[in-house]
Amino acid sequence: MRILVTGGAGYIGSHVVADLLELEHPVLVLDDLQRGNPQNAVVFQEHPAYRLIQAAIDDDAALRLVQDWQPEICFHFAALKAAGESMQRPDLYSSHNVRASYRLIEALLRIGCNRIIFSSTAAVYGEPRYVPIDEEHPLQPVNYYGFSKLAIEQNLEWMTRLTNLRYVALRYFNAAGYDLQGRIKGLEREPQNLFPILMEAACGQRATVQVLGTDYDTPDGSGVRDYIHVNDLADAHVRAMQYLSDGGASTVVNLGSESGLSVFEAITAVEVASGAKIDWQTAPRRAGDPARVIASSNKARQLLDWTPSYSQADRIAASMWPLYQQ
Ligand SMILES: NC(=O)c1ccc[n+]([C@@H]2O[C@H](COP(=O)([O-])OP(=O)(O)OC[C@H]3O[C@@H](n4cnc5c(N)ncnc54)[C@H](O)[C@@H]3O)[C@@H](O)[C@H]2O)c1
C-alpha cells in the first residue's frame, strides 16, 4: 500500500514510519521539520521505500508531488501540539492545524486518496465528567489545541457523509517511551509531558521537578494520568489501516493504557531506569488540572483487536533512558 505520512519526522509519526517500512509499504513523508527531529528523517533516508518532502502540508508544490506519488492512504500526524502555546498563539493553531488540514483533506480527496488515519487527542474531551473516558464522553475542549483537533474531526465526519472518504480518528492519551528496538534516535523536541521532564532531571539537564499538587484524591495525592507507549500507539495505527482496508466505516477510537499512573509512580520508574535520584518539590495545583484522567480503550480492543503491551511505567522509562544518554 502506498502511504503518505504527514508529520512523519515527528515523535509518534517516526515510530509508525519504522513499522510501515518494516511491513514493506512504500512511505512518503510530508513534514516541514519545524518541530520534528531531522534525525527521524536521516535514520530512514537510505531505505529504498522511503521518501521525504520537506514542506508544509498545505504547500501547493508539495501537494502536486503527493498527487504524482498517488498515495492510497494518509496517516495525518502533522500538527502543533502544545496546549499552553495554543492559548497564547491561537493564530498558529488555526493556520497550522485547522486550515492546513482542511486543505490537505481537500487535496487528498481530489487525487482519490480517500482513507485517512488522523492523530486526534484526549484534549477534545476537556475536563473529565467521568473516568474512564470513553468515546461517548462530551466533547468540550478547554484549550484551543483541543478545539483545533475537534474541528478537524468534525470536518472528517462531514466529508464522510458527503464524499467517499473513510477515516479513523485516534484519540491518544499521553504518548510516552521510545522504540523498544532502538530504531528511532531523535528525541522529541520541546516535550511537555511528564516522562521527558523526569528524564531531563535524571540526566542533569534540570535541577528539580515540580510536582503540581500533592493533595488530590488519589492514592498518593499526586495527579494520575494515562500513559501509552509509543510502540503500542504505532501498533494501533497499523491495525486501523487494516480496519479501513477491510472496508471499516469511519469512526473515532481512544488509545490509552487504561491504567492510571501517578506523578510519584512515574518518578520512581525513572529513578529505577536511570539509577539517578530525582529532586522534586511540591507546587500548587495548576488551575483546571483534574485529579485523574484515564481512558477507556474498550472500543480499540473490540474494533481493532488491540491491547497495549508495553505501557507499564518501568517499560516506558527503560525505553527512554538510552536516548537521554546519547
Ligand atoms: N505526543 C502526544 O502525547 C500526543 C497526544 C495526543 C495527540 N498527539 C498528536 O499526535 C500527532 C503527532 O504528535 P507528536 O508527539 O509526534 O508531535 P511532533 O511535534 O513530534 O511531530 C509533529 C510533526 O509534524 C510536523 N508538522 C507540524 N505542523 C506541520 C505542518 N503544518 N506541515 C508540515 N509538517 C508539520 C512537525 O515538524 C513534526 O515533525 C500530533 O498531531 C499531535 O497533536 C500527540
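This one's a predicted model, so the numbers in the text were calculated from it and none came from an experiment.

1. Comments concerning the nonpolar core
- Val5, Leu20, Phe75, Leu170, Phe195 and Leu255 are the most contacted members of the largest nonpolar core, which totals 65 residues.
- Ranked by the residues each element gives to this core, the list is headed by helix H8 (residues 230-245), at nine residues.
- There are two domains that each give this core at least three residues, and those are domain 1 (3-175 + 227-255) and domain 2 (194-226 + 258-294 + 309-324).
- Setting aside anything within four residues of it in sequence, one finds Val5 in contact with Val17, Leu20, Val27, Leu28, Val29, Leu30, Phe75 and Phe77.
- Ranked by size, the runner-up nonpolar core spans 27 residues in total, among them Leu63, Val66, Trp69 and Leu156.

2. Quick word on helix H1 (residues 11-22)
- Its twelve residues give H1 an end-to-end C-alpha distance of 18 Å, which sits within 8% of 16 Å, the value for a rise of 1.5 Å per residue.
- Here H1 has its buried residues at Tyr11, Ile12, Gly13, Ser14, His15, Val16, Val17, Ala18, Asp19, Leu20 and Leu21.
- Downstream of H1 by one or two residues, Glu24 has phi in the positive range, about 70°.

3. A look at empty space enclosed by the protein
- For the coordinates displayed, the defined rule picks out one cavity of 30 Å³ or more.
- Size it by volume and the largest cavity reaches roughly 40 Å³.
- Every residue along the wall of the largest cavity is listed here: Tyr11, Ala175, Ala176, Gly177, Tyr178, Glu188, Pro196, Met320 and Tyr324.
- Where the lining of the largest cavity is concerned, the elements lending two or more residues are strand E7 (174-176) and helix H11 (313-324).

Criteria and cut-off values
- Residues numbered from 1 in each chain as written.
- Predicted model: local features only at pLDDT ≥ 70, side-chain atom pairs only at ≥ 80, totals over all residues.
- Heavy atoms only, no water.
- Core = buried A, V, L, I, M, F, W, Y, C linked by side-chain atoms within 4.5 Å.
- Buried < 20%, exposed > 50% of the residue type's maximum accessible area, 1.4 Å probe, protein only.
- Helix = DSSP H or I, 4+ residues; strand = E, 2+ residues; numbered from the N terminus.
- Domains from an automatic or database assignment.
- Contact = heavy atoms within 4.5 Å.
- Expected span 1.5 Å × (residues − 1).
- 1 Å grid on protein atoms, 1.4 Å probe; cavity = no way out; pocket = protein on both sides within 12 Å on 5 of 7 lines; lining within 4 Å.
- Points joined across faces, edges and corners; volume = space filled by probe spheres on them.

Any link to function would need more than the numbers given here.
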